Amino acid sequence: MRIGYLLFWLLPALALAQKPVPPAFHPDPKGALGQYRESLTRLRQEHPSRSDLPDLKFFLFGMGDRLKLIYRDGRLLNALTGNIEEQWRVERAVIVPSEYLVHLTLAGETDSLSRTIQIREDENGVWILQPGKRPRLIPGTRSRLSLPTFADKAYGPVLRVLHQEVLINIINGRPVPNFLVYTRPWFRDAALMAMVLRTTDNLHLIRDWIMAIRDPFDRNNRGIAEADNLGQVLFLISLVSDKSHPAVATVLDSVRRFEKNAYIVGKTDYAEHPVFQTKWLKYGLKAMNLPDPYVIPAQYDSYSALVWWAYQDQHVAGKPVDEEAGRKYPYLAWAEDNFYGRSNATEKRGLFGTLDYPLSWEQQASRAHYPSLTVLDRDLVKQKLAFPHTWHAAEMFLLLSRQQLNK
């Protein structure tokens, strides 16, 4: 009887304790935007290569497994259906990407408290905040994330945005390159995303997806079984499981079809990249503590530098990523900057966009479904331009996160 009595009083208290605490109304959006832009300006001086992008003035909400939302022109849209979730008559909007914040000054309101609204995302969800009113958590956005401030990093505000651009492209527990134009994960992109998620304590967001992997090939390029996927799958599994995972045996069995001498070779992006593919396999085997009989071939491979975190001394230099490819697929040039550790600004080839947000993109990809961008802007469909993009954001994040704040 006493236990039941205690539970009667304790259960409501426990439910109350688990209720998410809303963020504070940001007191100085313009000041925060100024700090972010100052950080961007310094970074662009170090990375002077530019790409002009259309300035649409929008912001995406819904990191991780939350409902995906677009703020643009006074409307908060469901990004997947186009339905209007919220709508305001806006006199002025201040978008602060580094604070995951849109600050609105409403038109036609005379009361100072009623004139301002903030849409803000934090560790617990996406909120509508207004002075004098109870904070409102948008349905479908409640979940727990880790959102570091990166205060000890040289470009902390920029890292916050790049982190958001990775997290926003996790949808239904699946890591995709861009949630508007891709419906399926790509193991290459997912592996780089996972490196970021491991750093920020967010691997739980894709754990179930990794545990469910059975086919070691994503088969996204016209159904081709791409050889680099084997190492990427092993690496992904190593982050949440061990060699007992069902896909490990399938990977080891599948390797045989690509073996040539002491390395592997097959297709990646419709071409042979034996150095890149063998590097990934060796890295995956090492991550899983599995035997590794393979040797990286001593030959030129245009994708060799894409594995920049390991085997740097096993590389045959050659032609770098060409300018057009670096513009359309900027993650390739940023990966080379990561590989070579370029310190001179004139040597850095990774492109920086002209916008406050987003900072990453991809253009004219053969397997992307660009008509889905209509919900954001019809011109993007014509340009075949999708942003943000997770591989690009991850490459930038992993490079910049190594730079400590000078004290």
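Right above here is the structure, for reference.
Now for a description of the structure that goes with this document.

1. Some remarks on the overall build of the protein
Helices and strands together make up the secondary structure of the protein, namely 12 helices and 19 strands. The C-alpha radius of gyration computed for the protein amounts to 23 Å, which stays within 12% of the reference 22 Å derived for 407 residues, consistent with globular compactness. By its C-alpha atoms, the protein is 75 × 65 × 50 Å across when sized along the principal axes. Residues classed as buried in the protein amount to 56% of the 407 residues present. Here the contacts in the protein between residues at least 6 apart in sequence split such that 65% fall between residues at least 24 apart. When the accessible surface of the protein is totalled, it reaches about 18600 Å², and 51% of it is carbon and sulfur. Separation between the mean location of the 51 positive side-chain charges and that of the 44 negative ones in the protein comes to 3 Å.

2. Considerations on the layout of surface pockets
The method is simple in principle: a probe with the dimensions of a water molecule rolls over the atoms, and the space it marks as empty is what remains. Roughly 510 Å³ of volume is contained in the largest pocket. Taken together, 25 residues form the lining of the largest pocket, with D269, Y303, Y329, Y331 and L332 sitting closest to its centre. Of all elements in the fold, only α4 (187-199) and α10 (330-340) reach the threshold of two or more residues within the lining of the largest pocket. Per-class residue counts for the lining of the largest pocket are 14 nonpolar, four polar and seven charged.

3. Brief notes about the side chain of K279
With respect to the helices and strands, the residue K279 is situated in helix α8 (residues 274-287). In this structure K279 is buried but unpaired, with D313 as the nearest side chain of opposite charge at 7.4 Å. Residues in contact with K279, not counting those within four places in the same chain, are I296, S304, V307, Y311, Q314, H315 and F339.

4. Quick word on the packing of aromatic side chains
Under the defined criterion, the tally for this structure stands at 19 aromatic pairs. Residues F59 and Y357 carry aromatic rings whose centres are separated by 4.5 Å and whose planes lie at 40° to one another, so their mutual orientation is tilted. You can see F59 sitting in strand β2 (residues 59-61) and its partner Y357 sitting in the loop between β17 (352-353) and β18 (362-363), a full 298 residues away along the chain. For the pair F59 and Y357, a shared accessibility class is recorded, and that class is buried. Site record: aromatic cluster; members linked through ring pairs are F58, F59, F61, Y357 and F387. When the ring centre of F179 is taken as origin, the NZ or CZ atom of K68, which lies over that ring, is 5.8 Å away. Over the ring of Y270 we find R222; its NZ or CZ atom is 5.0 Å from the centre of that ring.

5. What about the nonpolar core?
Residues F61, Y71, W88, I119, V158, W280 and F387 are the most contacted members of the largest nonpolar core, which totals 131 residues. Sorting elements by how many residues they give to this core places α4 first, with nine residues. Residue contacts for I119: discarding those within four places in its chain leaves F61, Y71, L76, W88, Y100, L101, V102, L104, V126, W127 and I128.

6. Digging into the sheet that holds strand β4 (residues 75-78)
Here four strands make up an open sheet; going across it, the order is β2-β3-β4-β5 and the pairing antiparallel. Edge positions in the open sheet fall to β2 and β5 (84-87), since each of these has one partner strand only. For this sheet, the mean angle separating the axes of adjacent strands, direction not counted, is 20°. As paired elements, strand β3 (residues 69-72) and β4 share four bridges and run antiparallel to each other. Paired with R72 across the bridge in β4 is R75.

7. Here we look at the packing of helix α3 (residues 156-167) against helix α12 (residues 390-400)
Where α3 contacts α12, the axes come no closer than 9 Å and their chain directions differ by 150°. Between α3 and α12 lies a crossing whose hand is left-handed. Contacts between α3 and α12 involve V158, L159, L162, H163, E165 and V166 from the first element and T390, A393, A394, M396, F397 and L400 from the second. Of the residues contributing to the contact of α3 with α12, the split by class is nine nonpolar, two polar and one charged.

8. Some points on α3
Two residues of an α-helix separated by three or four positions point the same way, owing to the 3.6 residues in each turn. Taking 1.5 Å as the rise per residue, α3 with 12 residues should run 16 Å; its terminal C-alpha atoms sit 16 Å apart, in good agreement. Burial runs high along α3: 11 of the 12 residues are buried. Taken together, the buried positions of α3 are G156, V158, L159, R160, V161, L162, H163, Q164, E165, V166 and L167. Where the residues of α3 are buried, they touch α2 (29-46), β2, β11 (170-171), α4 and α12.

Basis of the calculations
Residues numbered from 1 in each chain as written. Predicted model: local features only at pLDDT ≥ 70, side-chain atom pairs only at ≥ 80, totals over all residues. Heavy atoms only, no water. Helix = DSSP H or I, 4+ residues; strand = E, 2+ residues; numbered from the N terminus. Rg over C-alpha atoms; globule rule 2.2 N^0.38 Å. Buried < 20%, exposed > 50% of the residue type's maximum accessible area, 1.4 Å probe, protein only. Contact = heavy atoms within 4.5 Å. Areas by Shrake-Rupley, 256 points an atom, 1.4 Å probe, with all protein chains shown as cover. Lys, Arg positive; Asp, Glu negative; His and termini not counted. Charge placed at Lys NZ, Arg CZ, Asp CG, Glu CD. 1 Å grid on protein atoms, 1.4 Å probe; cavity = no way out; pocket = protein on both sides within 12 Å on 5 of 7 lines; lining within 4 Å. Points joined across faces, edges and corners; volume = space filled by probe spheres on them. Nonpolar A, V, L, I, M, F, W, Y, C, P; charged D, E, K, R; others polar. Salt bridge = Lys/Arg side-chain N within 4 Å of Asp/Glu carboxyl O. Phe/Tyr/Trp six-rings, centres within 6.5 Å; stacked < 30°, edge-to-face > 60°. Lys NZ or Arg CZ within 6 Å of the ring centre and 35° of its normal. Core = buried A, V, L, I, M, F, W, Y, C linked by side-chain atoms within 4.5 Å. Pairing = 2+ DSSP bridges. Axes fitted to C-alpha atoms, helices over the stretch in contact; angles between N-to-C directions. Left-handed = near helix turned anticlockwise from the far one by under 90°. Expected span 1.5 Å × (residues − 1).

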